[in-house]
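# Descriptive structure summary
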Amino acid sequence: VQLQAFGGGLVQAGGSLRLSCVAFGSIVSIGDMAWYRQAPEKQRELVSSISSDSSTNYADAVKGRFTISRDNAKRTVYLQMNSLKPEDTAVYHCEANILSRTAGWRGTWGQGTQVTVSS
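The present account deals with the structure reproduced in this document. (Residues numbered from 1 in each chain as written. Predicted model: local features only at pLDDT ≥ 70, side-chain atom pairs only at ≥ 80, totals over all residues. Heavy atoms only, no water.)

### Brief notes about the state of the cysteines
Quick reminder of the rule: Only a pair of cysteine sulfur atoms within 2.5 Å counts as a disulfide in this structure description. Strands here mean DSSP runs of E at least two residues long; helices mean DSSP runs of H or I at least four residues long; both are numbered from the N terminus. For every residue, the accessible area (1.4 Å probe, protein chains only) is compared with the maximum for its type, and the residue is labelled buried under 20%, exposed over 50%, or partly exposed between those bounds.
Tallying each qualifying case throughout the model produces one disulfide. Paired through a disulfide, Cys-21 and Cys-94 show a sulfur-sulfur distance of 2.0 Å. Residues Cys-21 and Cys-94 are joined through a disulfide that is right-handed, its torsion about the S-S bond being 55°. Here Cys-94 lies in strand 9 (residues 90–100) and Cys-21 lies in strand 3 (residues 17–24), a separation of 73 residues in the sequence. Judged by relative accessible area, Cys-94 falls into the buried class, the value being 1%.

### Some points on the pattern of salt bridges
Side chains bearing opposite charge may pair, as long as their charged atoms lie close to each other. The condition is simple: Only one rule defines a salt bridge in this text: a Lys or Arg side-chain nitrogen within 4 Å of an Asp or Glu carboxyl oxygen.
Tallied over the full model, the rule gives four salt bridges. We note a salt bridge from Arg-37 to Glu-45, for which the minimum N-O separation is 2.6 Å. Residue class for Glu-45 comes out partly exposed when judged on its relative accessible area of 36%. Between Asp-60 and Lys-63 there is a salt bridge, with its nearest N and O atoms 3.2 Å apart. The burial state of Asp-60 is the same as that of Lys-63; both residues are exposed. It is possible to trace a salt-bridge network through shared partners that takes in Arg-37, Glu-45, Arg-65 and Asp-88.

### Considering the packing of aromatic side chains
The line we're drawing: Aromatic rings from Phe, Tyr and Trp, with only the six-membered ring used for Trp, were paired whenever their centres fell within 6.5 Å, and each pair was classed as stacked if the ring planes differed by under 30 degrees, edge-to-face if by over 60, and tilted otherwise.
For the coordinates displayed, the defined rule picks out one aromatic pair. For the ring pair Tyr-36 and Trp-109, a centre distance of 4.9 Å and an interplane angle of 55° mean the geometry is tilted. With Tyr-36 in strand 4 (residues 27–38) and Trp-109 in strand 10 (residues 104–109), the pair connects residues that are 73 residues apart, well separated along the chain. Residue Trp-109 is classed as partly exposed on the basis of its relative accessible area, which comes to 38%.

This is the structure in C-alpha cells:
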C-alpha cells in the first residue's frame, strides 16, 4: 500500500494549485485522509483533513482559501489551494488511514510534493 502525491509546483502569490494524492495497493477501505505541510526549518503541520463521511477540518491559516475533498472510488484525496501566499510554501504530504488485506489498519504517508509561492 502506498500513497502518491501530484500537483505541486511554482505559482505566483494569489494563484491556485490543486494537489492530488492517490492510494495504491491491496486496499480494503480508507478512513480519514489528510494533508500536512512542512516548511524549511519548521515542524510539520496539519493543513486539512477529511473523514470517510467527508467531514472536513482546516487549519486556521488556510480556512476560506483551501478546500479538501475525496473520491472514494478513485482512492484519491484532493487539496484545492486558492489565493496562495508565500507563507504557503512548503512540502505537502498526504496521509491516510488505510485498511489493507495484509496489514490491517495503518497510517500511510505519501512522498510529498513541493509547493512554492513567489511574491
